[in-house]
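Topology and contacts: notes
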Amino acid sequence: QSFLRYLKRITGDTVIELESARDVSDYLEEIDSAVIFAADDLEDTNNQNYLSIFKKVAENLTDLIPFAIATSSDAVQQLSLEELPSIRLYRNQDRQVLDFPIAFGLKQSDLQNWIRNNLVPRYSARNAITFRDLALDSRYSILSFVDTSRKNSLAPEMLSSGQILPPSPPESPQSHPW
């Protein structure tokens, strides 16, 4: 079923229009994650520029996450936004809502990077509830166990640059006890 939704998303419109509060409610219940653009006046020049950039990002990332636009005051009100225009990332897997800092301007590369960096939750909690939620999630999860008591346990520059630490060299067959 999720595969069919994915095919529909990548072959259909890159940005879905949410025209009512009911559309917003149904959409947020149906999806795992989404990025939604909302503005009080979509005819405003600034909002048109933001919308143009938003649609370009949607074209580039539609295979990763669905994109939508709240097109009516009813739909915008359902999103409970404090400031407009707004770009919001909804993540149902950890029940988080993240707002892009649009007040500082909007660049395509900044929005793309922000979405990629926030698309998947990162859990720092070490409790049974987190592991239960990860175990019941149908998507793949990557777990990293880090000794936080060691200062250089995980090099921050490796994380921020996106590099992957090389694997340890394989052990020789003679070193195994069996």
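Described in the following lines is the structure provided in the data block. (Residues numbered from 1 in each chain as written. Predicted model: local features only at pLDDT ≥ 70, side-chain atom pairs only at ≥ 80, totals over all residues. Heavy atoms only, no water.)

Overview of a negative patch on the surface
To keep things clear, this is the line we draw: Patch membership needs two things, relative accessible area over 30% and no salt bridge, and members are linked within 9 Å if like-charged or within 5 Å if nonpolar (Val, Leu, Ile, Met, Phe, Trp, Tyr). The Shrake-Rupley method, run with a 1.4 Å probe, gives the accessible areas here. Residue values count only the displayed protein chains as cover. When a carboxyl oxygen of Asp or Glu lies within 4 Å of a side-chain nitrogen of Lys or Arg, that pair is called a salt bridge. We count Lys and Arg on the positive side and Asp and Glu on the negative side, and we leave His and both chain ends out. Charge placement uses NZ in Lys and CZ in Arg. For Asp and Glu, CG and CD serve respectively. In this description a helix means any DSSP run of H or I spanning at least four residues, a strand means any run of E spanning at least two, and both kinds are numbered starting from the N terminus.
A cluster of acidic residues, D40, D41, E43 and D44, forms a negative patch at the surface. Mapped onto the elements of the fold, E43 is located in the loop between β2 (33-38) and α3 (45-61).

Things to note about the nonpolar core
To be explicit about the condition: For our purposes a nonpolar core is just a set of buried Ala, Val, Leu, Ile, Met, Phe, Trp, Tyr and Cys residues, chained together by side-chain atoms within 4.5 Å. With a 1.4 Å probe rolled over the protein chains alone, any residue whose accessible area is under 20% of its type maximum counts as buried; one over 50% counts as exposed, and the rest are partly exposed. Only heavy atoms matter for contacts: two residues are in contact if any of them lie within 4.5 Å across the pair.
Core analysis: the largest hydrophobic core is formed by 24 residues, its most contacted members being F37, F54, F67, I87, L111 and I115. Of all the elements in the fold, those that place two or more residues in this core are β2, α3, β3 (67-70), β4 (86-91) and α5 (108-118). When residues in this core are grouped by element, the largest group, seven residues, is from α3. For I115, the contacting residues outside a window of four places in its chain are V35, V57, L61, I65 and F67. V24, Y27, A34 and A38 belong to the second-largest nonpolar core, a separate cluster that totals 14 residues.

Regarding unusual backbone geometry
Put simply, L84 and P85 share a cis peptide bond, and its omega is -5 degrees. With phi around 55 degrees, S80 is a residue other than glycine that occupies positive phi space. Tracing the sequence through the fold places S80 in the loop between α4 (73-78) and β4.

Thoughts on the pattern of salt bridges
Across all of its chains, the model carries two salt bridges by this definition. For the salt bridge of R22 with D26, the shortest nitrogen-to-oxygen distance reads 3.4 Å. Of the two residues, R22 and D26 both sit in helix α2 (residues 21-30), four residues apart, roughly one turn of that helix. A salt bridge links R88 to D99; its shortest N-O distance comes to 2.6 Å. On the criterion of sequence distance, the pair formed by R88 in strand β4 and D99 in strand β5 (residues 96-99) is long-range, its members being eleven residues apart.

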